[in-house]
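Here is how the chains run, residue by residue.
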Amino acid sequence: MSDGFEEIAGGLAAVAKGFHARGWLLGTSGNLSAVVQREPLQIAMSPSGADKGELRPEQILSIDEHNHIVGQQGGKPSDESLLHIRVVKQLGAGAVLHTHSIWNTILSDFYAPQGGVKIEGYEMLKGLQGVPTHEHAEWLPIVENSQDMPALAETIGDTLNQHKAAHGFLLRRHGLYSWGENLAQAKRHIEILEFLLETIGRTLRIREQVL
Ligand SMILES: [Zn+2]
């Protein structure tokens, strides 16, 4: 086990608690990961079925690039680990976070016919890495949900190739994925995208009531 693992596991547990408190990881949903080392790839990953509000650092699993547990821990890796591994390998991300908020679930369905959500003109966009102005137009692609994780990982890989500037993607009626160079940046990206999605969702509701 690498030296950094315990520190990273502690960081993942802290982020999980915070996101759970905001209602983004209820009912054991969602998952969190961070790269421990690249060669060979070792990822610290939240286990399947764990209550994210009570996640302890010692529950965090260490997995390799094939989603096999490294070392002698108990626990089962999430099936969605394959999606995390894909994002890490394809984009060189240092951390990948996945939330199931009410607003990301609603908007992932509402905008599915358009294939994504266009987010434009908000100051909060500047919290996304490399975005210098609120005039930026962020495209958040929406991918159809599936339980076939190897196939879904392929679809996501293709989608991210087509949208190289994306900071995240939505799975339809399922949730949000975002990432960063490290855990702090990935957490920031999730917070920014959740904020913007909720803003868009609430705006649609107000318009509905006014018209
Ligand atoms: Zn999920």
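Residues numbered from 1 in each chain as written. Predicted model: local features only at pLDDT ≥ 70, side-chain atom pairs only at ≥ 80, totals over all residues. Heavy atoms only, no water.

J.: Is there a simple way to think about the sheet that holds strand β7 (residues 168-171) in this case?
T.: Hydrogen bonds between backbone groups are what pair the strands of a sheet, and the pairing can be parallel or antiparallel. Overall, mixed pairing links the eight strands, which are arranged β3-β2-β1-β4-β8-β7-β6-β5 in an open sheet. Pairing within the sheet leaves two strands with one partner each, and these edge strands are β3 (61-63) and β5 (116-120). Going from strand to strand, the sheet's axes swing by 20 degrees on average, the running direction of each strand aside. Here β5 pairs with strand β6 (residues 137-143) via five bridges, running antiparallel. Paired with K118 across the strands is W139, a residue of β6. Its contacts with the sheet place helix α4 (residues 149-162) against β6, β7 and β8 (175-180), and it is angled at close to 160 degrees to β6. (Pairing = 2+ DSSP bridges. Helix = DSSP H or I, 4+ residues; strand = E, 2+ residues; numbered from the N terminus. Axes fitted to C-alpha atoms, helices over the stretch in contact; angles between N-to-C directions. Contact = heavy atoms within 4.5 Å.)

J.: Please explain helix α5 (residues 183-210) as it appears in this structure.
T.: Each α-helix winds once per 3.6 residues, and so residues spaced three or four apart point in a common direction. Between its first and last C-alpha atoms α5 spans 40 Å; for 28 residues at 1.5 Å apiece the expected length is 40 Å, and the two agree. Taken together, the buried positions of α5 are occupied by L183, Q185, A186, H189, I190, I192, L193, E194, L196, L197, I200 and G201. The N-capping residue of α5, defined by a side-chain oxygen 3.3 Å from the backbone nitrogen of A184, is N182. (Expected span 1.5 Å × (residues − 1). Buried < 20%, exposed > 50% of the residue type's maximum accessible area, 1.4 Å probe, protein only. Polar contact = N/O pair within 3.5 Å; in protein donor to acceptor, adjacent residues only side chain to side chain.)

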